[in-house]
Amino acid sequence: MFKPHVTVACMVHAQGKLLVVEERVDGRVTWNQPAGHLEADETLLEAAQRELYEETGISAQPDYFLGVQQWIAPDHTPFVRFLFGLDLPATVTTTPHDSDIDCCWWLSPAQILSAETLRSPLVAESVRLWQQGARYPLQLIAPYQWPFHEGAHNASA
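In the nomenclature of an unreviewed UniProt entry, the protein is known as NUDIX hydrolase of Pantoea dispersa. In its Sequence similarities (unreviewed entry) section, the UniProt entry covering the protein states "Belongs to the Nudix hydrolase family." Its UniProt record gives the protein a comment under Cofactor (unreviewed entry), which states: "Mg(2+)".

Explain the pattern of salt bridges to me, please; I cannot follow it from the model alone.
When charged atoms on two side chains of opposite charge get close, those side chains can pair. Overall, the coordinates contain seven salt bridges when judged by the stated rule. One salt bridge in this structure joins Asp 102 and Arg 24, with 3.9 Å as the shortest N-O distance. Of the two residues, Asp 102 sits in strand 7 (residues 101-107) while Arg 24 sits in strand 2 (residues 17-25), which places them 78 residues apart along the sequence. For Asp 102, a relative accessible area of 42% corresponds to the partly exposed category. Note on Arg 24: relative accessible area 52%, which makes it exposed. By sharing partners, the salt bridges in this structure join Glu 39, Glu 42, Arg 50, Glu 51 and Glu 54 into a single network.

Cut-off values and rules
Residues numbered from 1 in each chain as written. Predicted model: local features only at pLDDT ≥ 70, side-chain atom pairs only at ≥ 80, totals over all residues. Heavy atoms only, no water. UniProt positions renumbered as here; feature names shortened; annotations may be inferred. Salt bridge = Lys/Arg side-chain N within 4 Å of Asp/Glu carboxyl O. Helix = DSSP H or I, 4+ residues; strand = E, 2+ residues; numbered from the N terminus. Buried < 20%, exposed > 50% of the residue type's maximum accessible area, 1.4 Å probe, protein only.

Pasting the structure below:
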């Protein structure tokens, strides 16, 4: 049965810089947006907020939705990634709470796009998507009848 990994990521922007998290994957230093897997019983927006806090210490709700990315990793793992955006008035000090995150960096889009340490091609693609300027309201991915209550019935598709 086909079961893609559902993930969320957050582009955090302040003063012309974008925030990346640094982590080691198979012993190699990599950069990524604050990102991770959707967990049971949470909405996509809740997952994005949780990952942002765990990986950077920033407690904030994304401002907008940037899009959905579908990708198959080199090991044939399929991913569906929901990309959010957050604009801050100024760069902030970060405090990762996730032991997998070594540190965070505020970098220019050009520094990210030219880096050889990106965790996946989705990191650069996310920067390009953000640079294109499209911003969608969070209502675009609003959950339906969330949370599902015992006795409530969802409409058939």
